[in-house]
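Observations on chain architecture
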Amino acid sequence: MNIRIVISNYKNHDNISKVLYDCSENKYRKKLNTGIKVKNIGKTNLRIRENNLDNFTIEKQVLLNKLIDKSKEAIKKYKSFNWSHIELENYLKEPIYKYSVEYYVGDIFSKSRTVITSKDYLNVVKVFKKYLKKKTLTFDYLLNSQKILEFKFNAQKNNVKQTSINSYLKKIKIIMSQAKKDGIISERFILPKHILEKPNRVRVQPEFNINEVIVSINQCQDIFQIQAITIFIFLIANHGMNPRNLISYQILNKNQSNVIKSLILDNQYNYLFFKKSKKGKAIKYVKVNYQILQLLSTLKSLFYITHFKKYSEMLAPFTEKNKIFNFDINKNYNFYKNFWNFYQIKLGEMSNYNFSSAKPLFYGALEEIDMSRITSQIMFGDVPQEIIVKSGEFKKIREKIELSENKVYEKLKLNELIAVCNNRISILLDFNISEYSVNNCDTTNQFITLMRKYDGCILK
(Lines give C-alpha, C1' and ligand atoms only; values in the text may rest on other atoms or scores of the structure.)
Protein backbone atom coordinates (compact mmCIF):
# COMPACT_ATOMS: atom_id res chain seq x y z
CA MET A 1 0.00 0.00 0.00
CA ASN A 2 1.24 3.47 -0.95
CA ILE A 3 -0.36 6.66 0.40
CA ARG A 4 0.61 10.06 -0.94
CA ILE A 5 -0.57 13.49 0.24
CA VAL A 6 -1.52 15.57 -2.82
CA ILE A 7 -3.23 18.87 -3.65
CA SER A 8 -6.39 18.54 -5.74
CA ASN A 9 -6.49 19.82 -9.34
CA TYR A 10 -9.66 21.76 -8.60
CA LYS A 11 -9.44 25.17 -6.99
CA ASN A 12 -12.25 27.55 -5.98
CA HIS A 13 -12.53 31.26 -6.79
CA ASP A 14 -10.19 32.05 -3.86
CA ASN A 15 -7.53 29.75 -5.37
CA ILE A 16 -8.05 27.25 -2.53
CA SER A 17 -7.74 23.50 -3.12
CA LYS A 18 -8.42 20.41 -1.05
CA VAL A 19 -5.61 18.23 0.27
CA LEU A 20 -6.21 14.55 -0.55
CA TYR A 21 -4.92 11.13 0.44
CA ASP A 22 -3.93 9.35 -2.78
CA CYS A 23 -4.02 5.61 -1.95
CA SER A 24 -2.77 3.02 -4.41
CA GLU A 25 -1.96 -0.70 -4.45
CA ASN A 26 -1.89 -2.91 -7.53
CA LYS A 27 -5.23 -2.18 -9.28
CA TYR A 28 -6.64 -0.30 -6.27
CA ARG A 29 -6.64 3.52 -6.48
CA LYS A 30 -8.62 5.87 -4.25
CA LYS A 31 -8.42 9.56 -3.41
CA LEU A 32 -9.86 10.67 -0.07
CA ASN A 33 -10.52 14.16 1.21
CA THR A 34 -8.38 14.91 4.28
CA GLY A 35 -10.58 17.85 5.33
CA ILE A 36 -7.63 20.24 4.98
CA LYS A 37 -7.57 23.05 2.41
CA VAL A 38 -4.56 25.05 1.21
CA LYS A 39 -3.72 27.83 -1.21
CA ASN A 40 -3.14 26.26 -4.62
CA ILE A 41 0.41 27.06 -5.71
CA GLY A 42 -0.20 26.31 -9.38
CA LYS A 43 1.05 22.76 -9.83
CA THR A 44 -1.34 19.95 -10.80
CA ASN A 45 -1.57 17.03 -8.35
CA LEU A 46 1.37 18.43 -6.38
CA ARG A 47 2.66 15.90 -3.89
CA ILE A 48 3.27 17.20 -0.40
CA ARG A 49 6.47 15.83 1.02
CA GLU A 50 7.62 15.77 4.61
CA ASN A 51 10.65 18.03 4.25
CA ASN A 52 9.25 20.38 1.62
CA LEU A 53 6.56 22.49 3.29
CA ASP A 54 8.12 25.97 3.01
CA ASN A 55 5.35 27.21 0.72
CA PHE A 56 2.77 26.90 3.49
CA THR A 57 2.02 28.86 6.65
CA ILE A 58 3.28 27.54 9.99
CA GLU A 59 -0.28 26.52 10.93
CA LYS A 60 -0.73 24.57 7.69
CA GLN A 61 2.71 22.98 8.05
CA VAL A 62 1.65 21.55 11.41
CA LEU A 63 -1.58 20.17 9.91
CA LEU A 64 0.18 18.72 6.86
CA ASN A 65 2.77 17.03 9.05
CA LYS A 66 -0.11 15.47 11.00
CA LEU A 67 -1.52 14.11 7.73
CA ILE A 68 1.87 12.68 6.77
CA ASP A 69 2.19 11.02 10.18
CA LYS A 70 -1.32 9.63 9.87
CA SER A 71 -0.64 8.20 6.39
CA LYS A 72 2.44 6.40 7.76
CA GLU A 73 0.41 5.07 10.69
CA ALA A 74 -2.34 3.94 8.30
CA ILE A 75 0.12 1.91 6.20
CA LYS A 76 1.53 0.33 9.35
CA LYS A 77 -1.94 -0.64 10.62
CA TYR A 78 -3.02 -1.81 7.16
CA LYS A 79 -0.13 -4.28 7.08
CA SER A 80 -0.17 -5.28 10.78
CA PHE A 81 -3.92 -5.89 11.06
CA ASN A 82 -4.44 -7.07 7.49
CA TRP A 83 -7.05 -4.36 6.93
CA SER A 84 -9.38 -4.31 3.98
CA HIS A 85 -9.43 -1.24 1.75
CA ILE A 86 -12.67 -0.10 3.42
CA GLU A 87 -11.08 -0.28 6.88
CA LEU A 88 -8.13 1.74 5.64
CA GLU A 89 -10.44 4.36 4.12
CA ASN A 90 -12.52 4.65 7.30
CA TYR A 91 -9.37 5.22 9.33
CA LEU A 92 -8.11 7.91 6.94
CA LYS A 93 -11.50 9.66 6.93
CA GLU A 94 -11.31 10.26 10.67
CA PRO A 95 -10.33 13.94 11.34
CA ILE A 96 -6.74 14.24 12.56
CA TYR A 97 -7.93 16.10 15.67
CA LYS A 98 -11.05 14.01 16.19
CA TYR A 99 -9.85 12.69 19.52
CA SER A 100 -8.74 15.95 21.16
CA VAL A 101 -10.19 19.45 20.96
CA GLU A 102 -7.66 20.41 23.63
CA TYR A 103 -4.79 19.27 21.42
CA TYR A 104 -6.16 21.29 18.49
CA VAL A 105 -6.51 24.45 20.61
CA GLY A 106 -2.99 24.11 22.00
CA ASP A 107 -1.34 23.09 18.72
CA ILE A 108 -3.17 25.07 15.99
CA PHE A 109 -5.78 27.48 17.32
CA SER A 110 -3.36 29.20 19.70
CA LYS A 111 -0.82 29.99 16.96
CA SER A 112 -2.81 33.05 15.85
CA ARG A 113 -3.62 34.21 19.41
CA THR A 114 -1.68 35.85 22.21
CA VAL A 115 -0.35 33.76 25.10
CA ILE A 116 -3.06 35.10 27.43
CA THR A 117 -5.88 34.42 24.95
CA SER A 118 -4.54 30.91 24.26
CA LYS A 119 -4.52 30.07 27.95
CA ASP A 120 -8.04 31.41 28.26
CA TYR A 121 -9.36 29.16 25.47
CA LEU A 122 -7.49 26.12 26.80
CA ASN A 123 -9.15 26.78 30.13
CA VAL A 124 -12.55 26.81 28.38
CA VAL A 125 -11.86 23.32 26.97
CA LYS A 126 -10.89 22.11 30.45
CA VAL A 127 -14.11 23.53 31.89
CA PHE A 128 -16.14 21.61 29.28
CA LYS A 129 -14.22 18.44 30.10
CA LYS A 130 -14.93 18.96 33.79
CA TYR A 131 -18.69 19.47 33.53
CA LEU A 132 -19.16 16.86 30.81
CA LYS A 133 -17.03 14.45 32.85
CA LYS A 134 -14.81 13.58 29.89
CA LYS A 135 -11.09 12.86 29.99
CA THR A 136 -10.84 13.61 26.27
CA LEU A 137 -13.11 16.03 24.44
CA THR A 138 -13.70 15.29 20.74
CA PHE A 139 -15.19 17.46 18.00
CA ASP A 140 -17.80 14.81 17.21
CA TYR A 141 -18.89 14.85 20.82
CA LEU A 142 -19.33 18.64 20.90
CA LEU A 143 -21.24 18.65 17.60
CA ASN A 144 -24.02 16.85 19.47
CA SER A 145 -26.31 19.68 20.71
CA GLN A 146 -27.53 17.52 23.60
CA LYS A 147 -24.00 17.49 25.03
CA ILE A 148 -23.92 21.30 24.98
CA LEU A 149 -27.22 21.36 26.89
CA GLU A 150 -25.77 18.81 29.30
CA PHE A 151 -22.76 21.05 29.88
CA LYS A 152 -25.01 24.00 30.74
CA PHE A 153 -27.15 21.90 33.09
CA ASN A 154 -24.13 20.49 34.96
CA ALA A 155 -22.48 23.92 35.22
CA GLN A 156 -25.68 25.45 36.64
CA LYS A 157 -26.00 22.54 39.06
CA ASN A 158 -22.51 23.41 40.33
CA ASN A 159 -23.51 27.06 40.87
CA VAL A 160 -21.47 28.47 37.98
CA LYS A 161 -22.66 32.02 37.23
CA GLN A 162 -24.78 32.46 34.13
CA THR A 163 -22.41 35.14 32.83
CA SER A 164 -19.54 32.62 33.02
CA ILE A 165 -21.62 29.91 31.30
CA ASN A 166 -22.46 32.34 28.49
CA SER A 167 -18.78 33.19 28.12
CA TYR A 168 -17.75 29.49 27.95
CA LEU A 169 -20.42 28.76 25.34
CA LYS A 170 -19.43 31.71 23.15
CA LYS A 171 -15.76 30.74 23.29
CA ILE A 172 -16.37 27.07 22.47
CA LYS A 173 -18.34 28.30 19.44
CA ILE A 174 -15.31 30.36 18.35
CA ILE A 175 -13.08 27.28 18.71
CA MET A 176 -15.47 25.11 16.70
CA SER A 177 -15.94 27.76 13.99
CA GLN A 178 -12.16 28.11 13.60
CA ALA A 179 -11.83 24.32 13.43
CA LYS A 180 -14.27 24.31 10.49
CA LYS A 181 -12.27 27.05 8.75
CA ASP A 182 -9.11 25.00 9.32
CA GLY A 183 -10.78 21.98 7.74
CA ILE A 184 -10.70 19.94 10.96
CA ILE A 185 -14.47 19.42 10.90
CA SER A 186 -16.90 19.70 8.00
CA GLU A 187 -20.09 20.28 9.99
CA ARG A 188 -21.10 23.73 11.18
CA PHE A 189 -21.33 24.11 14.96
CA ILE A 190 -24.57 25.73 16.13
CA LEU A 191 -25.43 26.55 19.72
CA PRO A 192 -28.91 25.28 20.74
CA LYS A 193 -31.61 27.97 20.69
CA HIS A 194 -32.04 30.05 23.84
CA ILE A 195 -29.03 28.42 25.53
CA LEU A 196 -27.51 31.86 26.13
CA GLU A 197 -29.40 33.64 28.89
CA LYS A 198 -29.32 37.26 29.91
CA PRO A 199 -28.69 37.34 33.66
CA ASN A 200 -31.20 39.29 35.70
CA ARG A 201 -29.00 41.92 37.24
CA VAL A 202 -29.22 45.61 37.81
CA ARG A 203 -26.03 47.54 37.21
CA VAL A 204 -25.39 49.94 40.01
CA GLN A 205 -23.31 52.92 38.94
CA PRO A 206 -20.60 53.41 41.59
CA GLU A 207 -20.52 56.76 43.33
CA PHE A 208 -17.35 58.47 44.41
CA ASN A 209 -17.63 59.52 48.03
CA ILE A 210 -14.59 61.59 48.93
CA ASN A 211 -15.18 61.23 52.67
CA GLU A 212 -15.37 57.43 52.45
CA VAL A 213 -12.13 57.32 50.48
CA ILE A 214 -10.34 59.57 52.99
CA VAL A 215 -11.55 57.37 55.86
CA SER A 216 -10.27 54.29 53.98
CA ILE A 217 -6.87 55.93 53.44
CA ASN A 218 -6.50 56.88 57.09
CA GLN A 219 -7.44 53.37 58.22
CA CYS A 220 -4.72 51.66 56.14
CA GLN A 221 -2.59 49.51 58.41
CA ASP A 222 0.08 48.36 55.98
CA ILE A 223 1.94 49.77 52.99
CA PHE A 224 0.18 47.39 50.56
CA GLN A 225 -3.27 48.71 51.47
CA ILE A 226 -2.29 52.35 50.91
CA GLN A 227 -0.48 51.25 47.74
CA ALA A 228 -3.72 49.70 46.42
CA ILE A 229 -5.76 52.85 47.14
CA THR A 230 -3.09 55.03 45.50
CA ILE A 231 -3.25 52.80 42.41
CA PHE A 232 -7.03 53.21 42.39
CA ILE A 233 -6.78 57.01 42.55
CA PHE A 234 -4.11 56.98 39.82
CA LEU A 235 -6.41 54.93 37.53
CA ILE A 236 -9.28 57.39 38.03
CA ALA A 237 -7.04 60.43 37.48
CA ASN A 238 -5.78 58.94 34.21
CA HIS A 239 -9.24 59.10 32.65
CA GLY A 240 -10.32 55.75 34.08
CA MET A 241 -7.48 53.58 32.77
CA ASN A 242 -7.47 49.88 33.69
CA PRO A 243 -4.66 47.87 35.36
CA ARG A 244 -3.42 46.63 31.98
CA ASN A 245 -3.06 50.26 30.84
CA LEU A 246 -1.05 51.06 33.98
CA ILE A 247 1.48 48.39 33.01
CA SER A 248 1.68 49.16 29.30
CA TYR A 249 0.97 52.87 28.78
CA GLN A 250 3.48 54.75 26.63
CA ILE A 251 4.97 58.21 26.94
CA LEU A 252 4.91 61.06 24.45
CA ASN A 253 7.63 63.41 25.67
CA LYS A 254 7.34 67.17 25.20
CA ASN A 255 10.30 67.09 22.81
CA GLN A 256 8.48 64.53 20.66
CA SER A 257 5.58 65.20 18.35
CA ASN A 258 2.78 63.53 16.46
CA VAL A 259 -0.31 64.71 14.60
CA ILE A 260 -2.59 64.81 17.67
CA LYS A 261 -0.02 66.58 19.82
CA SER A 262 0.59 69.25 17.23
CA LEU A 263 -3.16 69.91 16.92
CA ILE A 264 -4.80 69.65 20.35
CA LEU A 265 -2.19 68.83 23.02
CA ASP A 266 -0.06 71.22 25.05
CA ASN A 267 3.52 71.11 23.74
CA GLN A 268 4.90 72.16 27.12
CA TYR A 269 3.95 68.87 28.78
CA ASN A 270 4.67 65.16 28.54
CA TYR A 271 1.67 62.90 27.88
CA LEU A 272 1.02 59.29 28.70
CA PHE A 273 -1.23 57.49 26.22
CA PHE A 274 -2.94 54.13 25.81
CA LYS A 275 -5.63 52.46 23.71
CA LYS A 276 -9.14 52.85 25.11
CA SER A 277 -9.92 49.23 24.23
CA LYS A 278 -8.11 46.21 22.80
CA LYS A 279 -9.98 46.25 19.50
CA GLY A 280 -10.67 49.96 19.04
CA LYS A 281 -8.47 52.56 17.36
CA ALA A 282 -9.13 55.47 19.72
CA ILE A 283 -6.15 56.57 21.84
CA LYS A 284 -6.45 58.37 25.16
CA TYR A 285 -3.87 61.04 25.96
CA VAL A 286 -3.40 62.21 29.56
CA LYS A 287 -1.29 65.24 30.38
CA VAL A 288 1.42 64.51 32.94
CA ASN A 289 0.52 67.58 35.00
CA TYR A 290 1.40 68.23 38.63
CA GLN A 291 -1.22 65.85 40.06
CA ILE A 292 -0.40 62.98 37.71
CA LEU A 293 3.33 63.49 38.27
CA GLN A 294 2.86 63.37 42.06
CA LEU A 295 0.81 60.17 41.91
CA LEU A 296 3.21 58.60 39.43
CA SER A 297 6.22 59.51 41.58
CA THR A 298 4.58 58.14 44.74
CA LEU A 299 3.53 54.87 43.12
CA LYS A 300 6.91 54.29 41.51
CA SER A 301 8.65 54.82 44.86
CA LEU A 302 6.23 52.48 46.63
CA PHE A 303 6.84 49.73 44.09
CA TYR A 304 10.60 50.15 44.45
CA ILE A 305 10.11 49.69 48.19
CA THR A 306 7.89 46.60 47.88
CA HIS A 307 9.17 44.91 44.70
CA PHE A 308 12.73 45.97 43.89
CA LYS A 309 14.51 43.19 45.79
CA LYS A 310 12.58 40.35 44.18
CA TYR A 311 11.21 41.78 40.94
CA SER A 312 13.57 44.59 39.91
CA GLU A 313 13.37 43.47 36.26
CA MET A 314 9.63 44.24 36.28
CA LEU A 315 10.15 47.90 37.24
CA ALA A 316 11.08 50.78 34.97
CA PRO A 317 14.60 52.17 35.59
CA PHE A 318 14.86 55.16 37.92
CA THR A 319 15.96 57.25 34.93
CA GLU A 320 12.54 56.84 33.29
CA LYS A 321 10.65 59.41 35.33
CA ASN A 322 7.25 58.82 33.77
CA LYS A 323 7.12 55.01 33.77
CA ILE A 324 6.46 52.63 36.66
CA PHE A 325 6.70 49.16 35.12
CA ASN A 326 8.74 47.58 32.37
CA PHE A 327 7.52 44.10 31.43
CA ASP A 328 5.49 42.33 28.76
CA ILE A 329 2.15 41.14 30.15
CA ASN A 330 1.94 38.28 27.63
CA LYS A 331 5.35 36.91 28.62
CA ASN A 332 4.80 37.44 32.37
CA TYR A 333 1.09 36.70 32.58
CA ASN A 334 1.21 34.72 35.84
CA PHE A 335 3.06 37.54 37.57
CA TYR A 336 0.58 40.08 36.18
CA LYS A 337 -2.45 38.04 37.23
CA ASN A 338 -1.18 37.31 40.76
CA PHE A 339 -0.01 40.91 41.12
CA TRP A 340 -3.44 42.40 40.43
CA ASN A 341 -5.32 39.76 42.38
CA PHE A 342 -3.22 40.66 45.42
CA TYR A 343 -3.80 44.40 45.12
CA GLN A 344 -7.50 43.93 44.37
CA ILE A 345 -7.78 42.05 47.68
CA LYS A 346 -5.88 44.83 49.44
CA LEU A 347 -8.20 47.47 47.94
CA GLY A 348 -11.21 45.40 49.02
CA GLU A 349 -9.92 45.28 52.59
CA MET A 350 -10.19 49.06 52.87
CA SER A 351 -13.08 50.04 50.54
CA ASN A 352 -16.06 48.85 48.51
CA TYR A 353 -14.38 49.76 45.23
CA ASN A 354 -12.51 47.64 42.71
CA PHE A 355 -10.07 48.71 40.03
CA SER A 356 -12.63 48.27 37.24
CA SER A 357 -14.83 50.97 38.81
CA ALA A 358 -12.17 53.63 38.07
CA LYS A 359 -13.49 54.13 34.54
CA PRO A 360 -17.20 54.63 35.38
CA LEU A 361 -16.22 56.92 38.28
CA PHE A 362 -14.19 59.19 36.01
CA TYR A 363 -16.85 59.08 33.29
CA GLY A 364 -19.57 59.81 35.84
CA ALA A 365 -17.76 62.98 36.92
CA LEU A 366 -17.12 63.88 33.28
CA GLU A 367 -20.80 63.55 32.34
CA GLU A 368 -21.72 66.32 34.76
CA ILE A 369 -19.54 68.85 32.93
CA ASP A 370 -20.88 70.92 30.04
CA MET A 371 -18.75 70.24 26.94
CA SER A 372 -18.99 70.49 23.18
CA ARG A 373 -19.57 67.24 21.31
CA ILE A 374 -16.03 66.93 19.93
CA THR A 375 -14.50 67.74 23.35
CA SER A 376 -16.75 65.12 24.95
CA GLN A 377 -15.79 62.51 22.35
CA ILE A 378 -12.07 63.15 22.88
CA MET A 379 -12.37 63.07 26.68
CA PHE A 380 -14.36 59.83 26.56
CA GLY A 381 -11.91 58.36 24.07
CA ASP A 382 -14.66 57.77 21.50
CA VAL A 383 -13.06 59.36 18.48
CA PRO A 384 -10.17 58.07 16.30
CA GLN A 385 -7.33 60.30 15.14
CA GLU A 386 -8.69 60.93 11.64
CA ILE A 387 -11.90 62.48 13.02
CA ILE A 388 -9.92 64.81 15.29
CA VAL A 389 -7.80 65.94 12.33
CA LYS A 390 -10.96 66.88 10.38
CA SER A 391 -12.61 68.73 13.29
CA GLY A 392 -10.80 72.12 13.05
CA GLU A 393 -10.76 74.84 15.76
CA PHE A 394 -7.91 73.02 17.48
CA LYS A 395 -7.01 75.83 19.88
CA LYS A 396 -10.57 75.95 21.26
CA ILE A 397 -10.63 72.17 21.62
CA ARG A 398 -7.29 72.23 23.49
CA GLU A 399 -8.58 74.87 25.92
CA LYS A 400 -11.87 73.04 26.51
CA ILE A 401 -10.12 69.70 27.13
CA GLU A 402 -7.86 71.31 29.74
CA LEU A 403 -10.80 73.12 31.36
CA SER A 404 -12.89 69.91 31.49
CA GLU A 405 -10.00 67.90 32.93
CA ASN A 406 -9.39 70.48 35.66
CA LYS A 407 -13.08 70.51 36.55
CA VAL A 408 -13.10 66.73 36.91
CA TYR A 409 -10.00 66.82 39.14
CA GLU A 410 -11.65 69.51 41.29
CA LYS A 411 -14.85 67.49 41.51
CA LEU A 412 -12.89 64.38 42.57
CA LYS A 413 -10.83 66.51 45.00
CA LEU A 414 -7.69 64.97 43.56
CA ASN A 415 -5.25 67.34 45.30
CA GLU A 416 -6.77 66.56 48.68
CA LEU A 417 -6.63 62.80 48.07
CA ILE A 418 -2.97 62.97 47.03
CA ALA A 419 -2.11 64.92 50.21
CA VAL A 420 -4.00 62.46 52.45
CA CYS A 421 -2.33 59.47 50.74
CA ASN A 422 1.15 60.92 51.11
CA ASN A 423 0.49 61.75 54.74
CA ARG A 424 -0.62 58.17 55.51
CA ILE A 425 2.38 56.77 53.63
CA SER A 426 4.70 59.00 55.66
CA ILE A 427 3.18 57.66 58.88
CA LEU A 428 3.56 54.03 57.78
CA LEU A 429 7.12 54.45 56.45
CA ASP A 430 8.29 57.08 58.90
CA PHE A 431 9.55 59.41 56.15
CA ASN A 432 8.10 61.77 53.55
CA ILE A 433 7.63 59.82 50.29
CA SER A 434 7.70 63.06 48.24
CA GLU A 435 11.06 64.00 49.68
CA TYR A 436 12.54 60.51 49.24
CA SER A 437 11.21 59.67 45.81
CA VAL A 438 12.87 57.54 43.15
CA ASN A 439 12.09 60.32 40.68
CA ASN A 440 14.34 62.68 42.66
CA CYS A 441 17.37 60.58 41.71
CA ASP A 442 19.43 61.85 38.80
CA THR A 443 22.59 59.81 39.36
CA THR A 444 23.40 56.21 40.23
CA ASN A 445 24.95 57.26 43.55
CA GLN A 446 21.75 59.08 44.54
CA PHE A 447 19.73 56.01 43.62
CA ILE A 448 21.98 53.66 45.64
CA THR A 449 21.71 55.97 48.67
CA LEU A 450 17.92 56.04 48.36
CA MET A 451 17.68 52.25 48.05
CA ARG A 452 19.64 51.89 51.28
CA LYS A 453 17.00 54.03 52.96
CA TYR A 454 14.26 51.91 51.40
CA ASP A 455 16.02 48.77 52.66
CA GLY A 456 15.52 50.05 56.19
CA CYS A 457 11.70 50.24 55.75
CA ILE A 458 9.67 47.88 57.86
CA LEU A 459 6.79 46.80 55.62
CA LYS A 460 3.81 46.59 57.91
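To start, this report covers the structure provided alongside it. (Residues numbered from 1 in each chain as written. Predicted model: local features only at pLDDT ≥ 70, side-chain atom pairs only at ≥ 80, totals over all residues. Heavy atoms only, no water.)

This next bit is on empty space enclosed by the protein. Rolled over the atoms, a probe sized like a water molecule indicates the empty space that remains. The tally for this structure, following the rule as stated, stands at 1 cavity of 30 Å³ or more. Each pocket or cavity is described by its volume, and for the largest cavity that value is around 30 Å³. In terms of lining residues, the largest cavity is bounded by Val213, Ser216, Ile229, Phe232, Leu347, Ser351 and Tyr353. Elements with a minimum of two residues in the lining of the largest cavity: α8 (210-218) and α9 (223-237). Taken together, the residues of the lining of the largest cavity break down into 5 nonpolar, 2 polar and no charged. (1 Å grid on protein atoms, 1.4 Å probe; cavity = no way out; pocket = protein on both sides within 12 Å on 5 of 7 lines; lining within 4 Å. Points joined across faces, edges and corners; volume = space filled by probe spheres on them. Helix = DSSP H or I, 4+ residues; strand = E, 2+ residues; numbered from the N terminus. Nonpolar A, V, L, I, M, F, W, Y, C, P; charged D, E, K, R; others polar.)

Any two packed helices are characterised by the angle at which their axes cross and by the distance between the axes. At a closest axis distance of 8 Å, the pairing of α9 and helix α14 (residues 358-367) adopts a crossing angle of 45°. Relative to α14, the element α9 is oriented oblique. Like other packed secondary-structure pairs, α9 and α14 cross with a definite hand, here right-handed. For the pair α9 and α14, the contacting residues are Phe232, Leu235 and Ile236 in the first and Ala358, Leu361 and Phe362 in the second. (Axes fitted to C-alpha atoms, helices over the stretch in contact; angles between N-to-C directions. Parallel < 35°, antiparallel > 145°, perpendicular 65-115°, else oblique. Left-handed = near helix turned anticlockwise from the far one by under 90°. Contact = heavy atoms within 4.5 Å.)

With that out of the way, let us pick up the side chain of serine 357. Residue position: serine 357 is located in the loop between α13 (333-350) and α14. A polar contact of 2.6 Å, which involves the side chain of serine 357, links it to the backbone oxygen of asparagine 354. (Polar contact = N/O pair within 3.5 Å; in protein donor to acceptor, adjacent residues only side chain to side chain.)

We now examine the pattern of salt bridges. Between side chains of opposite charge, pairing is possible as soon as their charged atoms come close. Using the criterion set out here, one finds 15 salt bridges in the structure. Here arginine 29 and aspartate 22 are joined by a salt bridge, their closest N and O atoms 2.7 Å apart. Judged by its relative accessible area of 52%, arginine 29 falls in the exposed class. Its salt-bridge partner being glutamate 368, residue lysine 411 comes within 2.6 Å of it at the nearest N-O pair. Residue lysine 411 is found in helix α17 (residues 394-411), and its partner glutamate 368 is found in the loop between α14 and α15 (373-379); the two are separated by 43 residues along the sequence. On the basis of relative accessibility, which here comes to 43%, the residue lysine 411 falls in the partly exposed class. (Salt bridge = Lys/Arg side-chain N within 4 Å of Asp/Glu carboxyl O. Buried < 20%, exposed > 50% of the residue type's maximum accessible area, 1.4 Å probe, protein only.)

Our next topic: the pairing of strand β2 (residues 16-25). Side chains on a regular strand alternate between the two faces of the sheet. Of the pairings in the sheet, the one linking strand β1 (residues 2-7) to β2 comprises 6 bridges and is antiparallel in character. Opposite isoleucine 7, over in β2, you have valine 19 as the bridge partner. Relative to strand β3 (residues 28-39), β2 is paired through 9 bridges, and the arrangement is antiparallel. Residue serine 17 lies in a different strand from β3, and its bridge partner there is valine 38. Counting the residues between successive antiparallel strands, the hairpin from β2 to β3 contains 2 residues, one of them, asparagine 26, with a positive phi of roughly 50°. (Pairing = 2+ DSSP bridges.)

All right, on to the side chain of lysine 346 then. Position of lysine 346 among the secondary structure elements: in helix α13. Those residues in contact with lysine 346 that sit more than four places away from it in its chain are Asp222, Phe224, Gln225 and Ala228.

We now examine helix α6 (residues 145-157). Structurally, the α-helix is built with 3.6 residues per turn, so residues lying three or four positions apart point the same way. Between its terminal C-alpha atoms α6 stretches 19 Å, which fits the 18 Å expected from 13 residues at 1.5 Å a residue. Buried within α6 we find Ile148, Phe151, Lys152, Asn154 and Ala155. Against α4 (115-132), α5 (139-142) and α7 (162-181) lie the buried residues of α6. Its side-chain oxygen at 2.9 Å from the backbone nitrogen of glutamine 146, asparagine 144 defines the N-terminal cap of α6. Within two residues after α6, asparagine 159 carries a phi angle of roughly 65°, on the positive side. (Expected span 1.5 Å × (residues − 1).)

Here the focus is the packing of α6 against α7. Between α6 and α7, whose axes approach to 10 Å, the crossing angle comes to 155°. On the basis of the axis angle, α6 is roughly antiparallel to α7. For the pair α6 and α7, the crossing hand works out as right-handed. For the pair α6 and α7, contact is made by Ile148, Phe151, Lys152, Ala155 and Gln156 and by Gln162, Ile165, Tyr168 and Leu169, respectively. Across the contact of α6 with α7, the residue classes tally to 6 nonpolar, 2 polar and 1 charged.

So, on to unusual backbone geometry. Even without being a glycine, lysine 133 presents a positive backbone phi close to 55°. Mapped onto the elements, lysine 133 comes out in the loop between α4 and α5. We note that aspartate 430 has phi near 70°; this positive angle belongs to a residue other than glycine. Within the secondary structure, aspartate 430 is located in the loop between α18 (414-429) and α19 (444-455).

We now examine the sheet that holds strand β6 (residues 283-287). Pairing is antiparallel in the open sheet, where 3 strands are placed in the order β4-β5-β6. The open sheet has two edge strands, β4 (250-252) and β6, and neither has a second partner. Pairwise comparison of adjacent strand axes, ignoring direction, gives a mean angle of 35° for this sheet. Note: strand β5 (residues 271-275) against β6, 5 bridges, orientation antiparallel. Each residue of the ladder has a partner; that of phenylalanine 274, found in β6, is lysine 284.

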